[in-house]
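Architecture and fold: a report
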Amino acid sequence: MSFFSAILSQLWRNLRRTLGSQILTLLTITLSTLIFAFFYLVYTNMINVGNQLGDDLRLVVYLDEEPSPAMQEEYRDKILRFDGVEKIEFVSRKQAYERFKKELDTNRDVLADMPEDFLPPSIEVYPVRSLSSLTKIKRFSDYLLTLPGVLKVQYGREWIERFYSFIRLLRIIVILSGSLLILTSTFMIASTISLTLLSRERELELLRLFGASSAYIRLPYFLEGALQGFLGASLGLGTLYLLFNWITLQFSGSALFGYFPFAFLPPATIALIITLSTLLCAAGSYTSTRKILQV
Amino acid sequence: MPSPAAEKKDKVMVELIKVGKSYPPDVAALNEISLTIRKGEMVFLTGRSGAGKTTLLRLLCRIERPDRGLVEIDGTDLGSLPPARLQQLRRRIGMAYQDFKLLTDNSVAENIALPMEVLCRQKSFIRRRAKELLEALGLAHKYNARAGDLSRGEMQRVSIARAVANNPDLILADEPTGNLDVESTARVMDLFHEHCKRGAAILIATHDPKIYAGKGFRILHLADGEVIEQFNPDNNANEGVSS
């Protein structure tokens, strides 16, 4: 029997002997991963939603008078100087009137007695569609107000601030649930391995007396931790995938799902979560064996 | 020219030079003990309870360290041995403990398998060897029995089977026949003789004179922490078992 077969044989024996506590630990890691991955999934999808909403987002800068071509260049320079601006468009009084007329459609008669230049000229500023630029909009709006000839800056301020707060809250939840995953994985594994080691103190003492190497004694426990981490994370993510599919199926016809295509975590993120969980549990097991076995 | 077996026999397996060991507060277990055991030699260690027999055996597999003096196994000083070398050396030593040190929740076979697993032996080999040893000790029917369900005599024999499972170069037995009947004692001694013939050095701590009296073995008597070497003058059994 090779050294590695002997280690695997030991590992299998350990798992069988402490099946009850192994299952409990596995469930805890599965649940922690599920909680973390759930919030992370919501967070990433909300960021996507933010990006989608950003497609329709623009700031309308109302001016007191029609800017000359030289003035337009000056405005363009000053606005583009601010990071995160995708494009700007100048709307003259006449263009504004035409747009308004078009929007009124059959009710356009109400404009009959109005002069064609009653609407103010404006600049439409389209920010880059990213969450970070969304969060800078208030600052950007304040900046635009300082430009000469600007009467008012209009955008969906309240909505953006609420959305941003929601994303911030989600980010905190993701960090907290991530910490929960780290703590539970490390401590649960460490305590399970400690209990196993203490219950097998006599056997470990004998192994030392028979000349077992440190690797022979420690490796099975290290692998046990890593295996728990791997299986726990895989089960947690598998459960989340099933839940995600079920929810998608339930709301498949709804307008919300039609407008925002919700997506599951990408394979790279799944691999990263499983790897992290495996490493954390292996680390928990390593510290525990190191502390108790002193080998 | 000496034969290879005779040459092997002459090689020193255990060497103790002026070894002393005390326990707190001020109990001298061993005092300036010096002795030599050769390969292929069976030596008996006698003395009253508390004379230091178990301490001496524990020093030989470095479960304990001496306060002073030199302990050498096969030319290696145990005092300066790094962990990896100690592990290698321990694989060559088999010890049957007075308290058996069996894993009572495991089967008899699993207990005997433990030292062989440390050497990464094949499973088929481990099974065969465990059966062979249990057969030799009259416990073949207990192969799958739970060690905790055995009588003390049976536990003692399982502990001996485990000690010799790897065919060690040095066998240390602490009261190996203390709980055994005449027939089981004979089986255990036959097993030790077999290993002695193979070239193993065997040190047996015992209170039972029946297993060594009149058989020409070297007897080391421990008293007040000191060793008094006694030889059986009218027998040369040691030569007999080791040639």
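Treat the numbers as computed from the prediction; the structure is a model and nothing was measured.

**Looking at the overall build of chain B**
Summing up its helical and strand segments, chain B has 8 helices and 10 strands in all. Principal-axis analysis of the C-alpha atoms places the extent of chain B at approximately 45 × 45 × 35 Å. For chain B, buried positions account for 43% of its 243 residues. Considering only intrachain contacts with a sequence separation of at least 6, the fraction spanning at least 24 residues in chain B is 69%.

**Side note on the overall build of chain A**
A count of helical and extended segments in chain A gives 11 helices and 4 strands. Whereas a compact globule of 295 residues would reach a radius of gyration of roughly 19 Å, chain A reaches 31 Å, over 25% beyond that. The C-alpha extent of chain A, read off along each of the three principal axes, is 105 × 40 × 30 Å. Within chain A, the fraction of its 295 residues that count as buried is 26%. Nonlocal contacts in chain A, meaning residues at least 24 apart in sequence, comprise 87% of its contacts between residues at least 6 apart.

**Considering the sheet that holds strand S2 (residues 27-38) of chain B**
Strands in a sheet are paired, the pairing made by backbone hydrogen bonds, and the direction either parallel or antiparallel. Taken together, 4 strands build an open sheet; the order of strands is S2-S1-S4-S5 (chain B) and the sheet is antiparallel. Of all strands in the sheet, those bounded by a partner on one side alone are S2 and strand S5 (76-77) of chain B.

**Some thoughts on the packing of helix H4 (residues 108-118) of chain B against helix H6 (residues 152-164) of chain B**
Residue and element names in this part refer to chain B. Taken N-terminus to C-terminus, the directions of H4 and H6 make an angle of 30°; their axes are 7 Å apart at the nearest point. On the basis of their axis angle, the class for H4 and H6 is roughly parallel. Two packed elements cross with a definite hand, and for H4 against H6 that hand is right-handed. Contact residues: Val 108, Asn 111, Ile 112, Leu 114 and Pro 115 in H4; Val 158, Ala 161 and Arg 162 in H6. Here the residues of the contact of H4 with H6 sort into 6 nonpolar, 1 polar and 1 charged.

**Description of the nonpolar core**
Considering soluble globular proteins, one finds that nonpolar side chains tend to be buried as a cluster. Counting residues in each nonpolar core, the largest one holds 76 residues, and the members touching the most others are B:Leu172 and B:Leu203. Among all residues touching B:Leu203, those that are not within four sequence positions of it are B:Val14, B:Ile37, B:Val43, B:Leu45, B:Leu57 and B:Leu172.

**Let's talk about unusual backbone geometry**
What is expected of a backbone is that most residues other than glycine have negative phi and most peptide bonds are trans. All names here are of chain B. For the bond running from Pro 24 to Pro 25, omega is 0°, close enough to zero to count as cis. Inspection of the secondary structure assignment puts Pro 25 in the loop between strand S1 (12-23) and S2. Despite not being glycine, Glu 175 shows a phi value in the positive range, around 50°. Its location among the elements puts Glu 175 in the loop between strand S7 (170-174) and helix H7 (182-198). What makes Glu 175 partly exposed here is the crowd of 19 C-beta atoms within 10 Å.

**Observations concerning the pairing of S2(B)**
The side chains of a regular strand alternate, residue by residue, between the two faces of the sheet. Residue and element names in this part refer to chain B. Pairing of S1 with S2, which is carried by 8 bridges, proceeds in the antiparallel orientation. Across the sheet, Glu 15 pairs through a bridge with Thr 36, a residue of S2. Joining the antiparallel neighbours S1 and S2 is a turn of 3 residues.

**Some thoughts on the confidence of the model for chain B**
This prediction gives chain B a mean pLDDT of 88; 90% of its residues lie at or above 70. Considering only residues more than four positions removed or in separate chains, one finds that residues 233-243 of chain B, a stretch of pLDDT under 50, has 23 contacts.

**Some remarks on the sheet that holds strand S3 (residues 122-127) of chain A**
All names here are of chain A. A sheet is described by the order of its strands in space; here 4 strands give the open sequence S2-S3-S1-S4, paired in antiparallel fashion. Of all strands in the sheet, those with a lone pairing partner are strand S2 (85-91) and strand S4 (150-154), marking the two edges. Between one strand axis and the next, the sheet turns through 20° on average, direction left out of account. Two elements, S2 and S3, share 6 bridges in a ladder whose sense is antiparallel. Among the inter-strand pairings, Ile 88 is bridged to a residue of S3, identified as Val 125. Most of the contacts of helix H3 (residues 69-80) go to S2, to which it runs at about 155°, and overall it touches S2 and S3.

How each quantity is defined
Residues numbered from 1 in each chain as written. Chains lettered and ligands numbered in written order. Predicted model: local features only at pLDDT ≥ 70, side-chain atom pairs only at ≥ 80, totals over all residues. Helix = DSSP H or I, 4+ residues; strand = E, 2+ residues; numbered from the N terminus. Buried ≥ 20, exposed ≤ 12 C-beta atoms within 10 Å, placed from the backbone. Contact = placed C-beta atoms within 7 Å. Rg over C-alpha atoms; globule rule 2.2 N^0.38 Å. Pairing = 2+ DSSP bridges. Axes fitted to C-alpha atoms, helices over the stretch in contact; angles between N-to-C directions. Parallel < 35°, antiparallel > 145°, perpendicular 65-115°, else oblique. Left-handed = near helix turned anticlockwise from the far one by under 90°. Nonpolar A, V, L, I, M, F, W, Y, C, P; charged D, E, K, R; others polar. Core = buried A, V, L, I, M, F, W, Y, C linked by C-beta atoms within 7 Å. pLDDT = per-residue confidence, 0-100.

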